[in-house]
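# Examination of the molecular architecture
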Amino acid sequence: MLVHDDLMSLPKWYPVLHAYTFPTSFVTLTDEQLAILRRDDSADCISYPAIKELLATMRNELEDISGNCFAGVDCCSPTDTDRFRDKRGATYSANSTLLNLMHSDKVREAIREGKVTSICLRPFRRMQPAREFRLFITCGELVAMSQYHLTRHFRRLAGAREKYWNLAYDFVKVVRNLLPDENIVMDIYVSATGTIYIVDFNPWGEPTDPKMLIRWDRDWSKEIGIVLMEPPLPLSGDVNVSF
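Residues numbered from 1 in each chain as written. Predicted model: local features only at pLDDT ≥ 70, side-chain atom pairs only at ≥ 80, totals over all residues. Heavy atoms only, no water.

Moving on, we come to the overall build of the chain. Of the regular secondary structure elements, the chain holds eight helices and eight strands. When the 243 residues of the chain are sorted by exposure, 45% land in the buried category. In the chain, 67% of the contacts between residues at least 6 apart in sequence involve partners at least 24 apart. For the chain, the computed accessible surface area is about 13,500 Å², with 49% contributed by carbon and sulfur atoms. Taking the average location of the 29 positive side-chain charges in the chain and that of its 33 negative ones, the two points are 6 Å from each other. (Helix = DSSP H or I, 4+ residues; strand = E, 2+ residues; numbered from the N terminus. Buried < 20%, exposed > 50% of the residue type's maximum accessible area, 1.4 Å probe, protein only. Contact = heavy atoms within 4.5 Å. Areas by Shrake-Rupley, 256 points an atom, 1.4 Å probe, with all protein chains shown as cover. Lys, Arg positive; Asp, Glu negative; His and termini not counted. Charge placed at Lys NZ, Arg CZ, Asp CG, Glu CD.)

So, in structure tokens, the structure goes:
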């Protein structure tokens, strides 16, 4: 029987919602391959025959992707790697794709916990941080929306908050009956033309990060709307700083 989090893994929701996300191919991992990737030395696993077979399968899938790809696993992506920091996770060859996954503590922990069945391959897309959002959906209705990246205030969002809220609100109405759960957190990307792509799903509540909503202990029965980082307040008057 599937547990709640299984329903939010990419191989589970993609068949139903593939029209609303990035095209993805799945390389199913064998028990032997998973056992090797579960080892402490998995970052040096390429010499194993079973992993060579995996790489051959990945090469076949990558031939259908024009240019770089972005790879993750069922429940997470390698966002904690140097390649993600430097190149947003873009890889080209099967070897570099697998090694990037194996250099991710998040991915390796998910494998050890038995949460991984597949490597998920998508065409790499350089997404603009200002157009990534986290949606908070309860009882099938969008109640709140936060900018995803909390690194700074995005000035371009201030004058377009109503536009982005309306796009997201209408999108949730279209897909609500296809969602893995009626209470769920959905990460999206809005293209320059206004097309919305589902990036990921997360469980409602802890440990999912509420982003600009700050805390889960709040009244979710009322529509909150879109919450963005405000511009920094200018300092005025005499400011004395001592150390």
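Here the narrative resumes, following the displayed structure.
A few words on the environment of Leu142. Looking at the element boundaries, Leu142 is found in strand β5 (residues 141-147). Looking at Leu142, the relative accessible area reads 3%, which means it is buried. A C-alpha to C-alpha distance of 41 Å links Leu142 and Leu55, two positions 87 residues apart in sequence. Not counting chain neighbours up to four residues away, the residues in contact with Leu142 comprise Leu135, Phe136, Ile137, Trp165, Ala168, Tyr169, Val172 and Glu223.

Right, let's talk about the pairing of β5 for a bit. In terms of burial, β5 is a largely internal element, six of the seven residues being buried. Relative to β5, strand β4 (residues 132-138) is paired through six bridges, and the arrangement is antiparallel. Looking at β5, one finds that Arg134 is bridged to Ser146. Connecting the antiparallel pair β4 and β5 is a turn made up of two residues, with Cys139 showing a positive phi of about 55°. Examined bridge by bridge, β5 and strand β8 (residues 225-227) share three bridges and lie parallel to one another. In the sheet register, Ala144 faces β8, and the bridge partner there is Gly225. (Pairing = 2+ DSSP bridges.)

Under the criterion given, the structure shown has nine salt bridges. A salt bridge links Asp86 to Arg85, with the nearest nitrogen and oxygen atoms 2.9 Å apart. Assigned by exposure class, Asp86 and Arg85 land together as exposed. With its nearest N and O atoms 2.7 Å apart, the salt bridge here joins Arg134 to Asp187. In this pair, Arg134 is assigned in strand β4 and Asp187 in strand β6 (residues 184-190), connecting sequence segments 53 residues apart. When sorted by exposure, Arg134 lands in the same class as Asp187, which is buried. Taken together, the salt bridges that share partners define one network made up of Asp82, Arg85 and Asp86. (Salt bridge = Lys/Arg side-chain N within 4 Å of Asp/Glu carboxyl O.)

With that settled, the discussion passes to the packing of helix α3 (residues 49-62) against helix α5 (residues 94-102). Closest axis-to-axis distance for the α3/α5 pair is 9 Å, and the angle between their directions is 115°. Along this stretch, α3 crosses α5, giving a crossing that reads as right-handed. Listed contacts from α5 to Ile51, Leu54, Leu55, Met58, Arg59 and Leu62 of α3 are Ala94, Asn95, Thr97 and Leu98. Within the contact of α3 with α5, the residues separate by chemical class into seven nonpolar, two polar and one charged. (Axes fitted to C-alpha atoms, helices over the stretch in contact; angles between N-to-C directions. Left-handed = near helix turned anticlockwise from the far one by under 90°. Nonpolar A, V, L, I, M, F, W, Y, C, P; charged D, E, K, R; others polar.)

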